[in-house]
Protein chains: 2
Amino acid sequence: MIRKSVFAGLLSLMCVAYAGLALAADASPPTGSSSEVFYAEPDSPLIPPKGRKIRVAFVVSNPFNLIDMAGPMQTFVQAQLPPFGDKGAYPFETFTVGDSKQPITAYGGLQVTPNYTFDNAPDADIVVVGAQSIRDKDGYFSYLRRLSANRKVVMSVCTGVAVLAAAGLLDGKVATSHHDYIDDFSKRYPKVKFLADKAYVRSAPLLFTAGGETSGFELALHIVQLYFGRDVALKTARSMEYRGPAWQN
Amino acid sequence: MIRKSVFAGLLSLMCVAYAGLALAADASPPTGSSSEVFYAEPDSPLIPPKGRKIRVAFVVSNPFNLIDMAGPMQTFVQAQLPPFGDKGAYPFETFTVGDSKQPITAYGGLQVTPNYTFDNAPDADIVVVGAQSIRDKDGYFSYLRRLSANRKVVMSVCTGVAVLAAAGLLDGKVATSHHDYIDDFSKRYPKVKFLADKAYVRSAPLLFTAGGETSGFELALHIVQLYFGRDVALKTARSMEYRGPAWQN
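Conventions and cut-offs
Residues numbered from 1 in each chain as written. Chains lettered and ligands numbered in written order. Predicted model: local features only at pLDDT ≥ 70, side-chain atom pairs only at ≥ 80, totals over all residues. Heavy atoms only, no water. Contact = heavy atoms within 4.5 Å. Buried area = accessible area lost by both parts, 1.4 Å probe. Salt bridge = Lys/Arg side-chain N within 4 Å of Asp/Glu carboxyl O. Polar contact = N/O pair within 3.5 Å; in protein donor to acceptor, adjacent residues only side chain to side chain. Helix = DSSP H or I, 4+ residues; strand = E, 2+ residues; numbered from the N terminus. Nonpolar A, V, L, I, M, F, W, Y, C, P; charged D, E, K, R; others polar. Buried < 20%, exposed > 50% of the residue type's maximum accessible area, 1.4 Å probe, protein only. Pairing = 2+ DSSP bridges. Right-handed = clockwise from strand over helix to strand, strands pointing away. Axes fitted to C-alpha atoms, helices over the stretch in contact; angles between N-to-C directions. Left-handed = near helix turned anticlockwise from the far one by under 90°. Arc of directions from axis to C-beta. pLDDT = per-residue confidence, 0-100. Least-squares fit on C-alpha atoms with pLDDT ≥ 70 in both. Phe/Tyr/Trp six-rings, centres within 6.5 Å; stacked < 30°, edge-to-face > 60°.

On the side of chain B, 54 residues touch chain A, which itself brings 55 residues to the contact. Counting the surface lost from both chain A and chain B, the interface buries some 4,700 Å², and carbon and sulfur atoms represent 56% of this. Remark: the boundary between chain A and chain B carries zero salt bridges. On inspection of chain A and its partner chain B, the count reaches 30 residue pairs in polar contact (both at pLDDT 80 or more). For the side of chain A that touches chain B, the elements supplying multiple residues, two or more each, are helix H1 (4-11), helix H3 (66-78), strand E2 (92-98), strand E4 (111-113), helix H7 (215-228) and helix H8 (230-239) of chain A. For the side of chain A that touches chain B, the element with the highest residue contribution is H3 of chain A, accounting for nine residues. A per-class count over the side of chain A that touches chain B returns 25 nonpolar, 20 polar and ten charged.

We now examine the pairing of E2 of chain A. Residues and elements named next belong to chain A. For E2, a buried count of seven out of seven residues is recorded, marking the element as mostly surrounded by other parts of the structure. The alternating pattern of E2 places Phe92, Thr94, Thr96 and Gly98 on one face and Glu93, Phe95 and Val97 on the opposite face, and all of these are buried. Sheet topology places strand E1 (residues 54-59) next to E2; six bridges connect them, and they run parallel. Bridge pairing in E2 links valine 59 to valine 97. Viewed along the sheet, the connection from E1 through H3 into E2 turns out right-handed. Strand direction decides the pairing type here: E2 and strand E5 (residues 116-117), joined by two bridges, are parallel. Among the inter-strand pairings, valine 97 is bridged to a residue of E5, identified as tyrosine 116.

Moving on, we get to the side chain of threonine 75 of chain A. Relative to the helices and strands, threonine 75 of chain A is located in helix H3. By relative accessible area, which is 0% here, threonine 75 of chain A ends up buried.

This part is about the pattern of salt bridges. Under the criterion given, the structure shown has 13 salt bridges over all chains. Taking the shortest distance from any N to any O, the salt bridge between arginine 188 of chain A and aspartate 184 of chain A comes out at 3.1 Å. Placement of both arginine 188 of chain A and aspartate 184 of chain A in helix H6 (residues 182-188) is noted, with a separation of four residues, approximately one turn of the helix. The class of aspartate 184 of chain A is partly exposed, set by a relative accessible area of 32%. A salt bridge links glutamate 241 of chain B to arginine 243 of chain B, with the nearest nitrogen and oxygen atoms 4.0 Å apart. By relative accessible area, glutamate 241 of chain B is classed as buried at 6%. Several salt bridges converge on common partners, so that one network encompasses Arg52, Asp125 and Lys152 of chain A.

All names here are of chain A. Strand order in this open sheet of seven strands is E5-E2-E1-E6-E7-E11-E10, and the pairing throughout is mixed. A single partner strand is all that each edge strand has here, and the edge strands are E5 and strand E10 (200-204). Strand contacts of H7: E1, E2, strand E6 (126-129), strand E7 (153-156), E10 and strand E11 (207-210), with the helix running at about 150° to E11, the strand carrying the most contacts.

Here we come to the packing of H7 of chain A against H8 of chain A. Residues and elements named next belong to chain A. H8 packs onto H7 with a crossing angle of 145° between their chain directions and a minimal axis gap of 7 Å. Taken as a pair, H7 and H8 cross one another with a handedness that is right-handed. The segment H7 lies against H8, with Leu221, Val224, Gln225 and Phe228 engaging Arg230, Val232, Ala233, Thr236 and Ala237. Partitioning the contact of H7 with H8 into residue classes produces six nonpolar, two polar and one charged.

Cis geometry is found at the peptide bond from proline 82 of chain A to proline 83 of chain A, where omega equals 0°. Along the chain, the position of proline 83 of chain A falls in the loop between H3 and E2. Look at the link from asparagine 62 of chain B to proline 63 of chain B: it is a cis peptide, with omega at -5°. Within the secondary structure, proline 63 of chain B sits in the loop between strand E1 (54-59) and helix H3 (66-78).

All right, on to H8 of chain A then. Residues and elements named next belong to chain A. What H8 keeps buried is the set Val232, Ala233, Thr236, Ala237 and Ser239. Viewed end-on, H8 has its buried residues packed into an arc of 165°, placing them on one side of the element. Against the buried residues of H8 lie H3 and H7. Count one or two residues on from H8 and you reach glutamate 241, which has phi positive near 50°.

All right, on to the confidence of the model for chain A then. Averaged over all residues, the pLDDT of chain A is 87; the fraction at 70 or higher stands at 85%. Reported confidence for the predicted complex is 0.87 by ipTM and 0.88 by pTM.

We now examine the sheet that holds strand E3 (residues 104-105) of chain B. The strand order across the open sheet formed by four strands is E3(A)-E4(A)-E4(B)-E3(B), and the pairing between neighbours is antiparallel. Pairing within the sheet leaves two strands with one partner each, and these edge strands are strand E3 (104-105) of chain A together with E3 of chain B.

With respect to the element layout, threonine 94 of chain A can be found in strand E2. We classify threonine 94 of chain A as buried; its relative accessible area is 0%. At 2.6 Å, the side chain of threonine 94 of chain A forms a polar contact with the backbone oxygen of glycine 108 of chain B.

With that settled, the discussion passes to the relation of the copies chain A and chain B. Between the two copies of the chain lies a relationship made up of a rotation around an axis and a movement along it. Between chain A and chain B, which share one sequence, the superposing operator has a rotation angle of 180° and an axial displacement of 0.0 Å; the RMSD is 0.0 Å. What the rotation and shift describe, once combined, is the action of a two-fold rotation axis. Interface overlap between copies is the fraction of interface residues in one copy that are interface residues in the other; for chain A against chain B it reaches 98%, indicating a shared surface.

It is worth spelling out the packing of aromatic side chains at this point. All names here are of chain B. Scanning the model with the defined rule gives 23 aromatic pairs over all chains in all. When the ring of phenylalanine 92 is compared with that of phenylalanine 228, the centres are 5.8 Å apart and the planes differ by 90°; the resulting orientation is edge-to-face. Of this pair, phenylalanine 92 sits in strand E2 (residues 92-98) while phenylalanine 228 sits in helix H7 (residues 215-228), and the two are 136 residues apart along the sequence. Taking the relative accessible area as the measure of exposure, phenylalanine 92 reaches 1% and is therefore buried. Their ring planes at 65° and their centres at 5.9 Å tell us that phenylalanine 185 and tyrosine 189 sit as a pair that is edge-to-face.

Dropping the structure here:
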């Protein structure tokens, strides 16, 4: 009845994901720690593109952690500009990007087919990286480095921060992650200063890292606020009946 | 680049979903209101099956609201029994059920292929119904009525409650929904007593209805608690870094 092999495999998803990321890190070991750490101005606004929606790419691999993607995706796609209600405009559009268009499985058994691949994805304004295993490390890192070099917003959720760290995007910067991984990542990526007990950290003006899992809501709401102000973010949270308070702090 | 037709269509998803449910309701109009309303004992425990995991089915249609499914799916699949950590067992297994195995699209553009159909899904112990449009109303209602008649747990999230109401499962009972729809559903389903400002309501011993969207986390955590106690639910919330407090009230 239930396909046991699939479900058994999913139970060890988090370990699989972390093992994959560890491999990525081992492939390019850190060479030393930095004494200078960059703290970005936390509340400097983000500027939306003119004449079109803000494009948000969610990188998904096999397997990936469902809520790290679903929380920010729902937040961005539901954010609405005034006038709110039937006439309000929606400023974000969202899509998934994988290393191929083959179906993949999320934590919980959800079967997902990526909308695009690294090679044919639309130019993104924001890219979201949640906890996931990695198959095409070169393609993945190239994609992130290209977006970052083009001054796009890059954000991680949960242990997705390890992808950014392994790609070298966080050297000399502050960051956060799931509370169970702060110590391990601090040792693994000594050029990154990991902060505990944070829903999110602005690691650089266009680089953000969130804590574990549902912390992705907090960071996505914060980014909505940085683009469109507090009232739009509050309306978005209310429309989702989201109860987490951290992004308002 | 961006497939505009898909994204334009998704922007009106909520309206589509609600219109579909309105059609379902119009097909079997309520015949009168009930003066007696059933309030279930809120904290009576739920009993897991022996010797196997608790099977949780998520009904998904085209389109469906992403977070109504993803929040409870992540909560159930991440719930862990003591001893927590590497040796802890995971008592829930989750899967999606659709009216066919054709790929469908969730709010945000996520392409999902259902794991099963109404006809071949494993027997579920819990079924989760979020906001969604309905194509095969007869198949959907039959599936829910069969599970309910077999004393399985049925839970709705957001406007998914309208499916339960239209299927007649909530007659003479209390319920809740997204805050924007309490008034409309009260008129549309006069046999159901809709309560506002609730994260969730236990409508009957095995029938639960949640408020809007992320209220699904609250209800899923509450159900975890009813099966396995407060410590397991607290650990689950903490492992997700979930900040919503309503389920603990």
